Amino acid sequence: MNKVGYFINDEGRGCFRIFAPFCDTLAVELDRTHRVIELQKQDDGYFTAETDKLPEGILYWLVKNGTEYLPDPYSKYQPFDVHSTSMICYPHKADFSKWQGIDPKDAVIYELHIGTFTEEGTLKGATKRLSYLKTLGINVIELMPIAAFPGERNWGYDGTYMFALNMGYGNYRDLEDFLNLAHSLGIAVILDVVYNHFGPEGNYSGMLAPFTKNADTPWGAAINFDSENSHGIRDFYLANAYYWLSEIGFDGFRMDAVSLVYDSSSKHILTEINRLAKDIEEKEHRKIIMIAEHLRNDKHITSSDGFGFNAQWCDDLNYSLYSYLTHETFRHYKDFGSIDDIYKALTKGFVYDGTKLNSVYNNYQGEDGSDIPPEQLVVHIQNHDQIGNRPHGDRISTTYGIDKALLAATICFSSPYTPMIFMGEEYAEMNPFYFFESFNDQWLVDAVREGRKREFSFMPDVEIKEPHDVKTFIDSRLDMDCTSDSPHSEVLNFYQSLIALKKSKVIGIHSRNDIKVVLNKDKKIITITTPKSITVCNLGEESQSLTELGISDKKMLISSKVNHNHDEKCIEGFSARIYSL
């Protein structure tokens, strides 16, 4: 694989290799000494130079055509934001001497945002909470994007320097410490990466090469993986994947919106990235977990003759549960609302399977997912998108109550699929998770605000939180102090038990042959049976007789009614119980 940007060669010399066919000349100017390193143009559009090993921490600019100064799109650190000088860094790789990773089949995933996970909003702050996640039972952390973005706060999907750790989260030593402690606790860490577009501010790559092409995503121009000069762009992203997975030491990726990664090449870039991940896995003797957000219900995403991801996000169980329990009809929820959808999601995986109209895209997308190995579908109650892209950033537990939230969670964990929690869900966090940003360009700040208003214009008299206001960001932080109070402490204990049952394969085993789902539509009861347990889910308001359901003599393991005395003869409305067999 071709190395790009600044790197150290086998002889210990510093090297620059930058793809810049839009430049006549290209140089590196060191910020303090004004020393200039001239790069030589190659026939393939690259500019290269070999020099002495540069001191760590030294600042530099790229100089295009002798007069235009710009930050380095290959930069590994931007200490003064996205418009300023780049910095030479030598990150240390995480320690794998006693680490073999987590098998994707065993994953219990926790999605978190570094900036709001703790009061500090840093990797150091998050490192202090790793023991908490270990006690909870989590074995895979999914970090929302950490690549450098404009300003001080952002979800991370507006990144413009794909190789650079966001300055506000800390430095590479902090990242190394986070990864090493996670591994020592038996927790894998996968990184959310955005390979479908650049953020709208601070992207200087287009001054060097055609990094984007004449194709749109909802967030800007698509990445050029298959048009003129795309070979240098493909090198950039393959090197970026190698950088985070091998040179830094992440345990895999969650890849954002891969349905908007357009590539008509004979070898699709997503296939190449997954092959690279597999090569790293074999060479380094550790598990690499690759998860796609595709959301078009396509078996090709995880098939061995397709892109080859280990798993893909599947929202259909979430849509089914959320719309049924809340009666909401916002976006995808309008296509759901029947208990039959919940049953189909549990037994077939995809509800959008080519026979159900998707009213958002106005097509019959998807295909039959019943033959997809269940562990290849990642399910959840809500994720960052489905909370943060609500007008009030609210969670199901705050708006519709803990009972419905825990019922939905029990169904997700009892399903044969791979479960994912969004941070705070495990104790019924009351704070919202808003959309927030801190762009520098006022026109962009205004455009984002107006865009959010338009998105929710169908809801009269709804006041949207100002994304640019720092208070919106602060209000989105977790408040873990509440975990010692009722009912949050009981919810946390419930999640610990639920995760333990999943990991011990008492519930939610990844085998359709050994898991039986039965729907009693009249009583609004769904039962999920494994060789070791039966999960009884009452999706109606009325209590139902356990005797009539044939399970009155079973030993109850846990109940989602965490603050109730339990009737041994009946299961309460909007609740779930797990019994041993």
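Coordinates for the structure precede this section.
These notes cover the structure that comes with them. (Residues numbered from 1 in each chain as written. Predicted model: local features only at pLDDT ≥ 70, side-chain atom pairs only at ≥ 80, totals over all residues. Heavy atoms only, no water.)

**With respect to the overall build of the protein chain**
Along the backbone of the protein chain there are 15 helices and 27 strands. Relative to the 2.2 N^0.38 estimate, which gives 25 Å for 581 residues, the radius of gyration of the protein chain is 25 Å and therefore close to what a compact globule would have. With respect to the three principal axes, the spread of C-alpha positions in the protein chain is 85 × 55 × 45 Å. In the protein chain, which comprises 581 residues, the share counted as buried stands at 61%. For the protein chain, long-range pairs separated by at least 24 residues make up 70% of all intrachain contacts whose partners lie at least 6 apart in sequence. As displayed, the protein chain offers around 22500 Å² of accessible surface, 47% of which is attributable to carbon and sulfur atoms. Here the protein chain carries 58 positive and 84 negative side-chain charges, and the mean point of each set is 5 Å from the other. (Helix = DSSP H or I, 4+ residues; strand = E, 2+ residues; numbered from the N terminus. Rg over C-alpha atoms; globule rule 2.2 N^0.38 Å. Buried < 20%, exposed > 50% of the residue type's maximum accessible area, 1.4 Å probe, protein only. Contact = heavy atoms within 4.5 Å. Areas by Shrake-Rupley, 256 points an atom, 1.4 Å probe, with all protein chains shown as cover. Lys, Arg positive; Asp, Glu negative; His and termini not counted. Charge placed at Lys NZ, Arg CZ, Asp CG, Glu CD.)

**Quick look at the pattern of salt bridges**
For the coordinates displayed, the defined rule picks out 32 salt bridges. Asp394 serves as the salt-bridge partner of Arg390, at 3.0 Å between the closest nitrogen and oxygen. Exposure remark for Arg390: the relative accessible area of 7% places this residue in the buried category. Asp394 gets classed as buried once you look at its relative accessible area, which sits at 12%. Overlapping salt bridges, with partners in common, bring together Lys93, Asp251, Glu284 and Arg286 in one network. (Salt bridge = Lys/Arg side-chain N within 4 Å of Asp/Glu carboxyl O.)

**With respect to the sheet that holds strand β23 (residues 533–538)**
If you trace the 5 strands from one edge of the open sheet to the other, you get β21-β22-β23-β27-β25, paired in antiparallel fashion. Unpaired on one side and paired on the other, β21 (516–520) and β25 (555–559) mark the two borders of the sheet. On average, each strand axis in the sheet is inclined to that of its neighbour by 20°, with strand direction left out of account. In the sheet, β25 pairs with strand β27 (residues 575–580) via 4 bridges, with the strands oriented antiparallel. Within the sheet, the bridge partner assigned to Ile558 lies in β27 and is Ile578. Strands in contact with helix α8 (residues 339–348) are β21 and β22 (525–529); relative to β21, the strand with the most contacts, it is inclined by about 170°. (Pairing = 2+ DSSP bridges. Axes fitted to C-alpha atoms, helices over the stretch in contact; angles between N-to-C directions.)

**As for the environment of Lys93**
Here Lys93 is to be found in the loop between β8 (86–87) and β9 (109–112). Separated by 83 residues in the primary sequence, Lys93 and Glu176 place their C-alpha atoms 6.8 Å from one another. In contact with Lys93, not counting residues within four places along its chain, are Glu176, Ser246, Glu247, Ile248 and Glu284. Within the structure, Lys93 has its side chain in polar contact with the side chain of Glu284 (distance 2.6 Å). (Polar contact = N/O pair within 3.5 Å; in protein donor to acceptor, adjacent residues only side chain to side chain.)

**Some details on the nonpolar core**
Membership of the largest hydrophobic core comes to 179 residues, with the highest contact counts inside it found for Tyr110, Leu133 and Leu539. The element that contributes the greatest number of residues to this core is helix α5 (residues 230–248), accounting for 10 residues. (Core = buried A, V, L, I, M, F, W, Y, C linked by side-chain atoms within 4.5 Å.)

**Observations concerning the state of the cysteines**
Taken as a whole, this structure holds 0 disulfides when the rule is applied. In this structure Cys23 is a free cysteine whose sulfur lies 19 Å from that of Cys15, the closest cysteine sulfur available. You can call Cys23 buried: its relative accessible area is 0%. With no disulfide partner, Cys314 has as its closest neighbouring cysteine sulfur the one in Cys412, 10 Å distant. (Disulfide = S-S within 2.5 Å.)

**Quick notes on the side chain of Gln544**
Here Gln544 lies in strand β24 (residues 544–545). Not counting residues up to four positions away in its chain, the partners in contact with Gln544 are Lys523, Ile525, Asn538, Lys569, Cys570 and Ile571.

**Focus on helix α14 (residues 488–503)**
An α-helix turns once per 3.6 residues; consequently, residues spaced three or four apart project the same way. Taking 1.5 Å of rise per residue, 16 residues should cover 22 Å, and α14 covers 22 Å from first to last C-alpha, within 8% of that figure. When α14 is considered as a whole, its buried residues turn out to be His488, Ser489, Val491, Leu492, Phe494, Tyr495, Leu498, Ile499, Leu501 and Lys502. Just downstream of α14, Lys505 is the residue with a positive phi angle, here 65°. (Expected span 1.5 Å × (residues − 1).)

**So, the packing of aromatic side chains**
In this structure the tally under the stated criterion is 33 aromatic pairs. Pairing Phe16 with Tyr60 gives two aromatic rings, centres 6.0 Å apart and planes at 65°, and the pair type is edge-to-face. Of this pair, Phe16 sits in strand β2 (residues 14–19) while Tyr60 sits in strand β6 (residues 59–64), placing them 44 residues apart in sequence. There is no split in this pair, since Phe16 and Tyr60 are both buried. Both rings, one in Phe163 and one in Phe236, keep their centres 5.2 Å apart while their planes meet at 90°; by these two values the pair is edge-to-face. Of this pair, Phe163 sits in strand β12 (residues 161–165) while Phe236 sits in helix α5, placing them 73 residues apart in sequence. Exposure class is identical for Phe163 and Phe236. Each is buried. Through pairs of rings, three or more aromatic residues link up here, namely Tyr74, Phe163, Tyr195, Phe198, Phe211, Phe225, Phe236, Tyr237, Tyr243, Trp244, Phe250 and Phe253. (Phe/Tyr/Trp six-rings, centres within 6.5 Å; stacked < 30°, edge-to-face > 60°.)

**What about the sheet that holds strand β13 (residues 188–193)?**
On the basis of which strands lie adjacent, the closed barrel formed by 8 strands has the order β9-β10-β13-β16-β17-β18-β19-β20 and parallel pairing. For this sheet the average axis-to-axis angle between neighbouring strands, irrespective of direction, equals 30°. In this sheet, strand β20 (residues 418–422) lies alongside strand β19 (residues 377–379) in parallel orientation, the contact comprising 2 bridges. Residue pairing in the sheet places Val379 in a bridge with Pro419 of β20. Relative to strand β16 (residues 252–255), α5 is tilted by about 135°, and along the sheet it contacts β13, β16 and β17 (289–292).

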